[in-house]
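Spelled out from the first residue to the last, the chains are:
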Amino acid sequence: MIIGVPKEIKNRENRVAIVPGGVKMLVDAGHKVLVEKSAGVGAGIPDDKFVAAGAKMIDKAADIWGQAEMIIKVKEPIAAEFPLMRPGQILYTYLHLAAATELGHELVKRNISAIAYETIQLPNGSLPLLTPMSEVAGRVSVQVGAQCLQKHRGGKGILLGGVPGVRRGRVAIVGGGVVGINAAKMAIGLGARVTILDVNAARLAYLDDIFGNDADTLMSTPENIGNAVAESDLVVGAVLIAGAKAPCLVSRDMVRSMSPGSVIVDVAIDQGGCIETIRPTTHDDPVYVDEGVIHYGVTNIPGDVPMTSTYALTNVTLRYAMELANKGFEKALRESEALRLGLNTYQGKVTYSAVAEALNLPFAPMNF
Ligand SMILES: NC(=O)c1ccc[n+]([C@@H]2O[C@H](COP(=O)([O-])OP(=O)(O)OC[C@H]3O[C@@H](n4cnc5c(N)ncnc54)[C@H](O)[C@@H]3O)[C@@H](O)[C@H]2O)c1
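This section reports on the structure supplied with the text. All chains use their own residue numbering, which begins from 1 and follows the written sequence. Per-residue local features of the predicted model are confined to residues with pLDDT of at least 70, and side-chain atom pairs are confined, for both listing and counting, to 80 or more; whole-chain, interface and lining totals are unaffected and use all residues. Note that water and hydrogens are dropped before the side-chain values are worked out from all heavy atoms of the structure.

1. Describing the sheet that holds strand β10 (residues 234-237)
Moving on, step 1. The seven strands are arranged β9-β8-β7-β10-β11-β13-β12 in an open sheet whose pairing can be described as mixed. Pairing within the sheet leaves two strands with one partner each, and these edge strands are β9 (215-219) and β12 (287-290). With strand direction ignored, the average angle separating the axes of adjacent strands in the sheet is 20 degrees.
Moving on, step 2. Pairing between strands is defined by DSSP: at least two bridges between the two strands are required. Under the scheme used here, helices are H or I runs from DSSP no shorter than 4 residues and strands are E runs no shorter than 2 residues, and both carry numbers assigned from the N terminus. Where strand β7 (residues 170-174) and strand β8 (residues 193-198) come together, five bridges link them in parallel fashion. To get an axis, a line is fitted to the C-alpha atoms, and for a helix only the part in contact is used. The angle between two axes follows their N-to-C directions and goes from 0 to 180 degrees.

2. Some remarks on the side chain of T351
Moving on, step 1. When you line up the elements, T351 lands in the loop between β15 (349-350) and α13 (353-359).
Moving on, step 2. One polar contact links the side chain of T351 to the main-chain amide nitrogen of T345, over a distance of 3.5 Å.
Moving on, step 3. Apart from the residues lying within four places of it in its own chain, the contact partners of T351 are L343, N344, T345, Y346, F363, A364 and M366. Pairing of N or O atoms within 3.5 Å defines a polar contact, subject to two protein rules: one partner must be a possible hydrogen donor and the other a possible acceptor, and residues neighboring in sequence count only if both atoms are side-chain atoms. Contacts between residues were defined by any pair of non-hydrogen atoms, one from each residue, lying within 4.5 Å.

3. Let's talk about the pattern of salt bridges
Where charged atoms of side chains with opposite charge meet at close range, the side chains can pair.
Moving on, step 1. By convention in these notes, a salt bridge is any Lys or Arg side-chain nitrogen within 4 Å of a carboxyl oxygen on Asp or Glu. Going through the model one piece at a time under the given rule, you end up with 19 salt bridges.
Moving on, step 2. Across the salt bridge formed by D290 and R252, the nearest N and O atoms sit 3.0 Å from each other. Here the residue D290 occupies a position in strand β12, and R252 occupies one in helix α9 (residues 252-256), the gap between them amounting to 38 residues.
Moving on, step 3. One salt bridge in this structure joins E335 and K327, with 3.0 Å as the shortest N-O distance.
Moving on, step 4. The partly exposed category is assigned to E335, whose relative accessible area is 46%.
Moving on, step 5. Exposure is judged per residue with a 1.4 Å probe applied to protein chains only, and the accessible area is read against the type maximum: over 50% gives exposed, under 20% gives buried, and values in between give partly exposed. Taking the relative accessible area as the measure of exposure, K327 reaches 33% and is therefore partly exposed.
Moving on, step 6. Residues joined by salt bridges that share partners form a network here, namely R252, D253, R256, D290 and E291.

4. Some thoughts on helix α8 (residues 222-230)
Moving on, step 1. Of the positions making up α8, those classed as buried are I225, G226, A228 and V229.
Moving on, step 2. Buried residues belonging to α8 abut β7, β8, β10 and α9.

5. Points about the packing of helix α6 (residues 178-190) against helix α7 (residues 201-211)
Two quantities define a packed helix pair, namely the angle between the axes and the distance from one axis to the other.
Moving on, step 1. In contact at an axis separation of 12 Å, α6 and α7 are set at 25 degrees when each is read in the N-to-C sense. Relative to α7, the element α6 is oriented roughly parallel. The way α6 lies across α7 gives a crossing that is right-handed. In contact with V178, I181, A184, K185 and I188 of α6, α7 contributes R203, Y206, L207, I210 and F211.
Moving on, step 2. By the convention adopted, Pro, Cys, Tyr, Trp, Phe, Met, Ile, Leu, Val and Ala count as nonpolar, Lys, Arg, Asp and Glu as charged, and the other residues, Gly among them, as polar. For the contact of α6 with α7, a count of residues per class yields eight nonpolar, no polar and two charged. Angles are sorted into four bins: roughly parallel if under 35 degrees, roughly antiparallel if over 145, roughly perpendicular if 65 to 115, and oblique for all others. It is the rotation of the near helix from the far one that decides the hand of a crossing: anticlockwise by less than a right angle makes it left-handed, clockwise makes it right-handed.

The following block contains the structure:
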């Protein structure tokens, strides 16, 4: 199979979808790997490392899209890439289509076989290709939140860990999954007072077991969320309903109840966000103030730590890329339920129910 890896062009996105070790495995298995020149530079991988692993370096993204049977990316294609997509092409990347209506319609219109990293799901319900980026984003969310709380950044000027004799900062984390647990680890590590809210009682029990007295766990009800948000210096949005638009759990009134200069980091923004006042932002212009509260809504948080994220991501994406390349698209999907669940669009149809609902298009389950 001819596999293409274009350079990411989303704002400040420095990750790359493959590392030289992955190129070598694909080339050794008989495939041809085209990598766009300087695609890995932002992640600390120079072109010569890709060449040494057997990749062919290509000057222009258009030539990669034009030749490759399968495109492997990190982030969803943006408008400049839409015309490059070819009918029948396999696109293997993060897509988050529930929050990307235009892209969803383009993939349908252009007959793209689109496999979304974030909906590949194992029988135990876990999302193995979302996990490492959620680990990164959860950890970064508290780093970023702590900085935003500093006075010269516009925050109220509070140190999350406090000091002896002075109260600690308070952090509320809405959603105690992978993002939430990693945010909690960082916040607890900094010495903050942490509250984690989730709707899943078993998850709350697990969080209570591992964090003990270091964190409070609360059932995620509007009342509990309202109280936790009102007394927090930093709120982290971390909910997910797989493939669906995030539910709005923190209302504008709740945001208004926070003291001025508090901070909201809504990691769930890539699924539309779980805070009424959040909107997507970029690494170039990451924050804005609404209701006196600093909002951070960057949709590709891991892109800011590409040397960590590239390896964390490719550690988990490569095995499915190998399956797709070695077996071919249809056989790979026939033999892997996880990959079938990853399929979002195919032959002009939406094949993932929650995405169809969000895009207001018919749902067409595929039988292979
Ligand atoms: N912005 C970014 O750069 C970035 C990076 C990585 C992940 N994310 C996003 O972060 C979000 C969380 O991802 P994750 O991997 O932690 O998901 P996850 O499935 O591991 O965890 C989600 C948690 O939300 C909980 N939840 C569902 N409904 C809830 C409710 N009403 N109240 C409270 N909790 C509720 C679930 O029980 C679960 O524990 C996703 O939208 C993901 O796409 C964003």
